[in-house]
Each structure stands twice: as C-alpha cells, then as structure tokens.
Amino acid sequence: MTVISLISSAKCFGGLQKIYSHQSKELACEMKFAVFLPPSVDHRRLPVLYWLSGLTCNETNFIQKAGAQRYATEHNLIIVCPDTSPRNVNIPGEDDSWDFGSGAGFYIDATKDPWSNHYRMFSYVTQELIDVVNNNFPTVVNKMSIAGHSMGGHGALICALKNPGLYKSVSAFAAISNPTKCPWGQKIFSGYLGEEKEAEWKNWDATELVASYNGPPLELYLDQGSEDSFLKDGQLNPNNLVDACRAAQVPCVLNMREGYDHSYFYVASFIGDHIAYHARHLQ
C-alpha cells in the first residue's frame, strides 16, 4: 500500500478537508492531492468524484474557491483533487512558462524526452491515484465520476472517453474541448509529444475521441460562460465538441451561462448543479 502523509486538515461543512502527499511511482516525484471526506464517511463507504483543475492551479485552488464541500456533504460524495503536474523534477525549462511544464501537465502521458520520464498525468489520474485513494479511504471502489475546469475539463473528458466504463459520469467547466485546434493544445502537444506527431495528438483530444468511443452509454455534461475571454480567443471550442458528439451519436449537454467568465466565481456558481448531476449517476 502506498504511504500517504497528512499535510493539513480542516473541518468544513461537517466533514474534513485534507491535503496529503505521497511518492508517485508513475511520475517519479512527490505529489499532493486534496480529499474532502463528508461526515457520512464515518459509517459507510462512499462514491468518489475526481476533480481536475486548470492551468497554473494546484491541489488547493478548487477546495478554497469552489465551495464544493457543502454539496459533497449534502450528496455524500468524497471529492479528490490532485495537483495539475509533477513538481520540482529538475527538467530544464519546467518553470519558464505558465502554460507549459509546472502547473500544466495537461493530463496526458508525454512521449518526448525529457518530459516522458515524469509528465504522465493521464496514467497517474486514471490508475495510480485511484489505487491510492481506494487503499486509504472508505470508498465504493466501482463508483467514480470525474469533472474539471479548463485544462482540467479537457482532462476529465479524455479520461472518461479513453477509459470506457471507468467513470459513471463526466462533466467539464469551460473545457479545452478541441486542443489540436487551439494555441494551448498545439504548444502542449508539440512539447510533450513532438511537433511531428500530429496524428498522435488526436489521441488526446476529446473532439477527436468521441468519433471512436465504444463503451457503456456516456453523456458529456458541458458548461460554458458566454463572456469567457478564452472562449472568444478560440482556446476552448465547445461547439466543435458538440458537433462531433452529434455526428457520433454520443449524448452531449452544453449549458451556456449568460454573462459568466472563466473564473472560479463562475465555477462556484454552478458547481452545485454538477455535483448533483454526478450524485444521480453514482447512486
């Protein structure tokens, strides 16, 4: 069993908001993750909602800004939020850019040196972290859902689409929905996978993946603010994903939120809807 070390613990909405660290075999470095344990965890096992955060974030942004603990207590869900990348692995340039390297793991498995030795966030989130959580907390091991924001929305979508049946539901706030067609994704894929590997890029793009999805019924539950500057700059492209879902006959819901931007003020406004959505699938 992986040894985890408690960093902090605070009572919140009747439960406990904790942060732990552990040595990750997948990423070959120390990683941190946050876990909220609602009060009902004292007398029964509970389903888990995994939350993936966005560029520049770590394991603390969501737990401090979204107000999700209130709804997790209401619906009896454990929420787990990992960091967004490996840290301090001594790769030249890892801290040079806010949208590549530290804080920007993009939830893919890098294949280009030197990133491939550490930047394997997809395998970390979908395999190692799940094992760590199930071995250390009273979870219902076959009841998991996944959600995220921006880069983390992209991560949630690809984790669900590339692992049919692993998650009971998936949702995304302001997801980078078609990364092969936006500057953020092109920078990330060039650096982690290789400029010449554009065919491989498609394996990490939700808009491309829906065409070949072959698994249990899965609805993509999408949320987008109409005044999101990154939407207007062409970084997010939710309509490309909606069109791809329609063509592939994959169920998809896009909630356009009039007047909302990309911030955690927006996420906090609708996180209750998303947690209720996942709770229905995790019953």
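Rules of the game
Residues numbered from 1 in each chain as written. Predicted model: local features only at pLDDT ≥ 70, side-chain atom pairs only at ≥ 80, totals over all residues. Heavy atoms only, no water. Helix = DSSP H or I, 4+ residues; strand = E, 2+ residues; numbered from the N terminus. Expected span 1.5 Å × (residues − 1). Bend = angle between axes of the 7 residues up to and from the residue. Buried < 20%, exposed > 50% of the residue type's maximum accessible area, 1.4 Å probe, protein only. Polar contact = N/O pair within 3.5 Å; in protein donor to acceptor, adjacent residues only side chain to side chain. Phe/Tyr/Trp six-rings, centres within 6.5 Å; stacked < 30°, edge-to-face > 60°. Lys NZ or Arg CZ within 6 Å of the ring centre and 35° of its normal. Core = buried A, V, L, I, M, F, W, Y, C linked by side-chain atoms within 4.5 Å. Contact = heavy atoms within 4.5 Å. 1 Å grid on protein atoms, 1.4 Å probe; cavity = no way out; pocket = protein on both sides within 12 Å on 5 of 7 lines; lining within 4 Å. Points joined across faces, edges and corners; volume = space filled by probe spheres on them. Nonpolar A, V, L, I, M, F, W, Y, C, P; charged D, E, K, R; others polar. Salt bridge = Lys/Arg side-chain N within 4 Å of Asp/Glu carboxyl O.

Undergrad: When you look at helix α10 (residues 264-281) in this model, what are you seeing that I'm missing?
TA: An α-helix turns once every 3.6 residues. As a result, residues three or four positions apart point the same way. Given a rise of 1.5 Å per residue, 18 residues ought to cover 26 Å, and the 24 Å separating the end C-alpha atoms of α10 matches this to within 8%. The sharpest bend along α10 measures roughly 45 degrees and falls at F270. Looking at α10, one finds that the buried residues are Y264, Y266, V267, F270, I271, G272, H274, I275, A276, Y277, H278 and A279. The N-cap residue of α10 is S263: its side-chain oxygen and the backbone nitrogen of F265 are 3.2 Å apart.

Undergrad: What's the story with the packing of aromatic side chains in this structure? I'm lost.
TA: Given two aromatic rings, their pairing is described by the distance between the two centres and the angle made by the two planes. Under the definition given, this model contains 20 aromatic pairs. Taking the centre distance of 5.9 Å and the plane angle of 55 degrees together, the rings of W51 and F173 count as tilted. Of this pair, W51 sits in strand β4 (residues 46-52) while F173 sits in strand β7 (residues 170-173), and the two are 122 residues apart along the sequence. Through pairs of rings, three or more aromatic residues link up here, namely W51, F62, F173, Y260, Y266 and F270. When the ring centre of F122 is taken as reference, the NZ or CZ atom of K162 above it lies at 5.7 Å.

Undergrad: I tried to follow unusual backbone geometry on my own but got confused; where do I start?
TA: Here D113 and P114 are connected by a cis peptide whose omega angle stands at 0 degrees. When you line up the elements, P114 lands in the loop between β5 (78-82) and α3 (121-136). Although it is not a glycine, F13 sits at a positive phi angle of roughly 45 degrees. Within the secondary structure, F13 is located in the loop between β1 (4-12) and β2 (15-24). Phi at Q249 is positive, roughly 60 degrees, even though this residue is not glycine. Residue placement: Q249 occurs in the loop between α9 (238-248) and β9 (252-257).

Undergrad: Any chance you could explain the nonpolar core here in plain terms?
TA: The nonpolar side chains of a soluble globular protein tend to be buried with one another. One finds W51, F62, I146, Y192 and L220 to be the most contacted residues of the largest nonpolar core, which totals 95 residues. Of the residues forming this core, the biggest block, 8 residues, is contributed by α3. Ignoring sequence-local partners within four residues, the contact set of Y192 consists of F100, G101, A104, G105, F106, I108, A110, T111, K112, W115 and Y119.

Undergrad: Help me out: how do you make sense of the layout of surface pockets in this one?
TA: To find leftover empty space, a probe the size of one water molecule is rolled over the atoms. By volume, the largest pocket is sized at about 150 Å³. Residue lining of the largest pocket: E30, M31, K32, N58, E59, D83, R87 and N88, and that is the complete set. Each residue belonging to the lining of the largest pocket can be placed in one class, and the counts come to 1 nonpolar, 2 polar and 5 charged.

Undergrad: Got a minute to help me understand the pattern of salt bridges in this structure?
TA: Using the criterion set out here, one finds 8 salt bridges in the structure. When the shortest N-O distance is used, the salt bridge between R120 and E26 registers 2.6 Å. In this pair, R120 sits in the loop between β5 and α3 while E26 sits in the loop between β2 and β3 (29-37), placing the two residues 94 residues apart along the sequence. Taking relative accessible area as the criterion, R120 reaches 25% and is therefore assigned partly exposed.

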